[in-house]
Amino acid sequence: MNALRSKKTLALVAAAIVAVPSAALAGDAHQDRTWAAQRAIKGGQARNVILLIGDGMGDSEITIARNYQVGANGRLAMDTLPLTGAYTTYAVQKADPSKPDYVTDSAASGSGWATGRKTYNGAISVTPDGKPQPTILELAKASGYRTGDVTTAELQDATPAVLGSHVVSRDCKGPDAMATCAVNDKVNGGAGSIAEQLVQTKPDLLLGGGKQYFDQTVKAGAYQGRTVTEQAQANGYQVVTDAAGLAAAKGDKPILGAFAKNNMDLEWVGPTPTRTGTAPAKCAVNAARSPSQPHLVDMASKAIDVLDKQTRHSKRGFFLQIEGASIDKQDHAANPCGQIGETVGFDAAIKKVLEYQKSHPDTLVVVTADHGHTSQIVEEATLGYTATLVTHDDANMTISYATSEITGSQQHTGTQVRIAAGGPQAANVLGVTNQTDLFFTMKRALGLR
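Residues numbered from 1 in each chain as written. Predicted model: local features only at pLDDT ≥ 70, side-chain atom pairs only at ≥ 80, totals over all residues. Heavy atoms only, no water.

### A short note on the side chain of Gln310
Tracing the sequence through the fold places Gln310 in helix H11 (residues 296-311). For Gln310, a relative accessible area of 16% puts it in the buried group. At 2.8 Å, the side chain of Gln310 and the backbone oxygen of Gly251 are in polar contact. When near neighbours in sequence (up to four residues on either side) are disregarded, Gln310 contacts Arg146, Asp204 and Gly251. (Helix = DSSP H or I, 4+ residues; strand = E, 2+ residues; numbered from the N terminus. Buried < 20%, exposed > 50% of the residue type's maximum accessible area, 1.4 Å probe, protein only. Polar contact = N/O pair within 3.5 Å; in protein donor to acceptor, adjacent residues only side chain to side chain. Contact = heavy atoms within 4.5 Å.)

Spelled out as structure tokens, the structure:
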């Protein structure tokens, strides 16, 4: 009886944390959402976990995309998840890990949710002393779950890399790029570059860019003299390089999809900010985008379809990470339409995931970012660089980038970022948590040890 009462009390307290109104004033047409919040809190184990990362997608970047695409009072798919909190994103200093590094990069932040351990900027799933730490994908795979890693960046970029590789520098993407990772180099008895380690970890799906690193030649070990792509094929991967190949690929063996030499092409283009602002403008579809490249929603759909079919008759489900990578990259480039287009493309993938979750409620879905970024909605031209866009509301929205000259790279920020979730264990994102807490939430959801 006491346990039951405690459980009910916990549900009520957690629902209150969601911060939705529990009572409506007379004449107020807004619905009381308390019961919906209570129903969203589910414990137990999940069959599947889908983690969606909007790289550099802080609250400002979400608001900019929402205003432009659906209007200030509209809602994106990512806004519809039932439980929302925030998490802190700091890294630690390599020379003194007892001290925080307040502004993280994607490598340290990704290592945080991948391993549950804080590390230094540039580290890929190793502790500050360089020791590899098991990742959520590796643990899931070892326990019989199917796994997938999807991105619009190079697959060797920090966020996808943290799931299946362990190097002391994020720059060590291929066998020809090991200068800063001597301890990890195969010629020195290490596990190899990020590209080599990813195909050795062998997720069931690897989909993204970075073909040039898979085309590099292995320098030592059993696959010496062969390319990383050939190593992948020898380990059972079917390799596809365009949208048609991805659509035709069957799920009877692992899929390596490398659809671009480096990062995949942008969805949208638009005005470049200036010191004095720009005339109000609309974004446009990127006509230069290669038609042979799948969109993120296409890769997400294929990954879900393959993993679902592979696990339909098995005891275990799957773990899948999907990254919208170039929100960050276009924020760095002070490219508002590039940034918005990537956020909208990422939101299309979220919508697809949430559609899957409706028929598979035992799936934990988490949507978050790795760090904040620099773009801001402002009243008018600022001391930085600004561009003005005409939004869905037919109103002008001025966006400022003010942490670098336009020829440089805009900076990350050290702010906390949104984390939203639905499904088993989703209540663990409520309040303000630490980025490393996400690892333990996913681990608990999958019943991993």
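There is more to say, and it comes next.
### Re the sheet that holds strand S15 (residues 396-401)
The strand order S13-S15-S14 describes an open sheet built from three strands, whose pairing is antiparallel. Strands at the two margins of the open sheet, each flanked by one partner only, are strand S13 (376-378) and strand S14 (385-390). Looking at each pair of strands side by side, their axes are set apart by 40° on average, direction ignored. Of the pairings in the sheet, the one linking S13 to S15 comprises three bridges and is antiparallel in character. Directly across from Val378, in S15, lies its bridge partner Thr398. Of the strands in this sheet, S13, S14 and S15 are in contact with helix H3 (residues 59-69), which crosses S13 at around 60°. (Pairing = 2+ DSSP bridges. Axes fitted to C-alpha atoms, helices over the stretch in contact; angles between N-to-C directions.)

### Here we look at the packing of aromatic side chains
For the structure shown, the criterion picks out three aromatic pairs. Ring centres of Phe439 and Phe440 lie 4.9 Å apart, and the angle between their planes is 85°; this geometry places the pair in the edge-to-face category. Note that Lys94 overlies the ring of Tyr120, its terminal NZ or CZ placed 4.6 Å from the centroid. Its end group placed over the ring of Tyr90, Lys118 keeps NZ or CZ at 3.8 Å from the ring centre. (Phe/Tyr/Trp six-rings, centres within 6.5 Å; stacked < 30°, edge-to-face > 60°. Lys NZ or Arg CZ within 6 Å of the ring centre and 35° of its normal.)

### Let's talk about the nonpolar core
Leu52, Phe319, Leu320, Ile322, Phe346 and Val367 are the most contacted members of the largest nonpolar core, which totals 96 residues. Top element by residues in this core is H11. It accounts for seven residues. Setting aside its immediate chain neighbours within four residues, Phe346 contacts Leu52, Ile53, Gly54, Met57, Met78, Leu296, Ile322, Glu323, Gly324, Ile327 and Val367. Counting residues in hydrophobic clusters, the runner-up holds 13 residues, among them Cys337, Ile340, Val344 and Met397. (Core = buried A, V, L, I, M, F, W, Y, C linked by side-chain atoms within 4.5 Å.)

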